[in-house]
Amino acid sequence: NKYGVDATRYMLLREGVPHMDGNFCHKRMVHYLNLELADTLGNLLNRTSSSGVNPDQIIPPWEKKFQNWETEISKDLMNHLEALPEKVEMSFENFNFYEGIVHVMDVLRVTNHFVQDEKPWELKKTDKERLQFVLALSLESLRVSGILLQPIIPTISQQLLNKLNVPEHQRTFQATKENTWNNFENNSRHLDNSKVVLFRKIKE
């Protein structure tokens, strides 16, 4: 079809409410696909993996000194990420897939807000240590979100997790509960060198 399998799955599950008739609308579908898959998810990956902002093409390891740069937004994001797996699990188990999707997208929107507030494109010139913190937290949000979205958009999630070089055995639900800031022994990981466009914006 014109949207692709993952996009169609996403919209059907995004709009489908148990025990109620679905209400398909082409214009609404294009709006959500562009807003959430292209902008909220896809652009976040682009912003944090571009060679301009992330020249070493790595996911920095979490360091204790990162606490020096924590803000209200970053603390809020970390709290959201810690609570997200349980929220999504409960939603999916009750077949409220739309609710689980909304939970993930809400966290990704907070992540985009965090990136916009921190301005990594400026930090690369003024504060490279703080830039490592911004990249580490933003890419961690993408990792967790990518794993949780696997039942919804399996192909897009696979592309995202491949780009983040997440090993196959670490793409489990349990892995979403193991946040990088709780493991100071984690090593930096290189991003995959392939160029990825998670979802191309649909022209209306």
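Details of the structure are given in the entry above.
Residues numbered from 1 in each chain as written. Predicted model: local features only at pLDDT ≥ 70, side-chain atom pairs only at ≥ 80, totals over all residues. Heavy atoms only, no water.

Q: Please clarify how the overall build of the protein should be interpreted in this entry.
A: The helix and strand tally for the protein stands at 7 helices and 2 strands. Counting from the amino terminus, the protein carries its helices and strands in the arrangement α-α-β-α-α-α-α-α-β. In terms of overall dimensions, the protein is globule-like: its C-alpha atoms have a radius of gyration of 17 Å, near the 17 Å expected for 204 residues. For the protein, the C-alpha atoms occupy an extent of roughly 50 × 35 × 30 Å along the three principal directions. Taking all 204 residues of the protein together, the buried fraction comes to 46%. Considering only residue pairs separated by 6 or more positions, the protein has 78% of its internal contacts joining residues 24 or more positions apart. (Helix = DSSP H or I, 4+ residues; strand = E, 2+ residues; numbered from the N terminus. Rg over C-alpha atoms; globule rule 2.2 N^0.38 Å. Buried < 20%, exposed > 50% of the residue type's maximum accessible area, 1.4 Å probe, protein only. Contact = heavy atoms within 4.5 Å.)

Q: I'm lost on the environment of Pro 154 in this one. Help?
A: Mapped onto the elements of the fold, Pro 154 is located in helix H7 (residues 154-163). The sequence separation of Pro 154 and Asp 192 amounts to 38 residues, and the corresponding C-alpha distance is 18 Å. Excluding residues that lie within four positions of it along the chain, Pro 154 makes contacts with Asp 6, Arg 9 and Leu 149.

Q: Any chance you could explain helix H1 (residues 5-15) here in plain terms?
A: For an α-helix, 3.6 residues make a turn, and residues three or four places apart therefore share a direction. Of all the positions in H1, only Asp 6, Ala 7, Tyr 10, Met 11 and Arg 14 are classed as buried. Viewed end-on, H1 has its buried residues packed into an arc of 130°, placing them on one side of the element. Exposed residues on H1 whose side chains face more than 90 degrees from its buried face are Val 5 and Leu 12. (Arc of directions from axis to C-beta.)

Q: I tried to follow the packing of aromatic side chains on my own but got confused; where do I start?
A: Two numbers describe a pair of aromatic rings. These are the distance of the centres and the angle of the planes. Summed over all chains, the structure comprises 8 aromatic pairs. An angle of 70° between the planes, with centres 5.8 Å apart, marks the rings of Trp 62 and Phe 133 as edge-to-face. Taken as a pair, Trp 62 in the loop between strand S1 (58-59) and helix H3 (72-93) and Phe 133 in helix H6 (residues 128-148) lie far apart in primary sequence, 71 residues in all. Between the aromatic rings of Phe 66 and Phe 133, the centroid separation amounts to 5.6 Å while the plane-to-plane angle is 55°, which identifies the pairing as tilted. With a gap of 67 residues between them, Phe 66 in the loop between S1 and H3 and Phe 133 in helix H6 connect regions that are remote in the sequence. Like Phe 66, the residue Phe 133 is buried in the burial classification. The rings of Trp 62, Phe 66, Trp 69, Phe 114, Phe 133 and Trp 181 are connected pair by pair, giving a single aromatic cluster. When the ring centre of Tyr 32 is taken as origin, the NZ or CZ atom of Arg 14, which lies over that ring, is 4.1 Å away. (Phe/Tyr/Trp six-rings, centres within 6.5 Å; stacked < 30°, edge-to-face > 60°. Lys NZ or Arg CZ within 6 Å of the ring centre and 35° of its normal.)

Q: Where do I start with the nonpolar core in this structure?
A: Residues Leu 33, Leu 37, Leu 41, Leu 137, Leu 142 and Leu 164 are the most contacted members of the largest nonpolar core, which totals 60 residues. Looking at this core, the elements that each hand over two or more residues are H1, helix H2 (26-49), H3, helix H4 (97-118), H6 and H7. Considering each element in turn, this core owes the most residues, 11 residues, to H6. Discounting residues that sit within four places of it in the chain, Leu 142 has contacts with Leu 41, Leu 44, Leu 45, Thr 48, Leu 108, Leu 160 and Leu 164. (Core = buried A, V, L, I, M, F, W, Y, C linked by side-chain atoms within 4.5 Å.)

Q: Which parts of the structure should I look at to understand the side chain of Asn 54?
A: Looking at the element boundaries, Asn 54 is found in the loop between H2 and S1. In this structure the side chain of Asn 54 is engaged in a polar contact, spanning 2.9 Å, whose partner is the backbone oxygen of Ile 58. Not counting the four nearest positions on each side in its chain, Asn 54 is found in contact with Thr 48, Ser 49, Leu 135, Leu 139 and Leu 191. (Polar contact = N/O pair within 3.5 Å; in protein donor to acceptor, adjacent residues only side chain to side chain.)

Q: Explain unusual backbone geometry to me, please; I cannot follow it from the model alone.
A: Generally, phi is negative for residues other than glycine and the peptide bonds are trans, each holding for most cases. Of note in this structure, Gln 57 is not a glycine but carries a positive phi near 55°. Locating Gln 57 in the fold gives a position in the loop between H2 and S1.

Q: Even after reading the chapter, I still don't get H6, so can you show me in this structure?
A: When the terminal C-alpha atoms of H6 are compared, their 30 Å separation across 21 residues agrees well with the 30 Å that a helix rising 1.5 Å per residue should span. Where burial is concerned, most of H6 is hidden: 17 out of the 21 residues are buried. (Expected span 1.5 Å × (residues − 1).)

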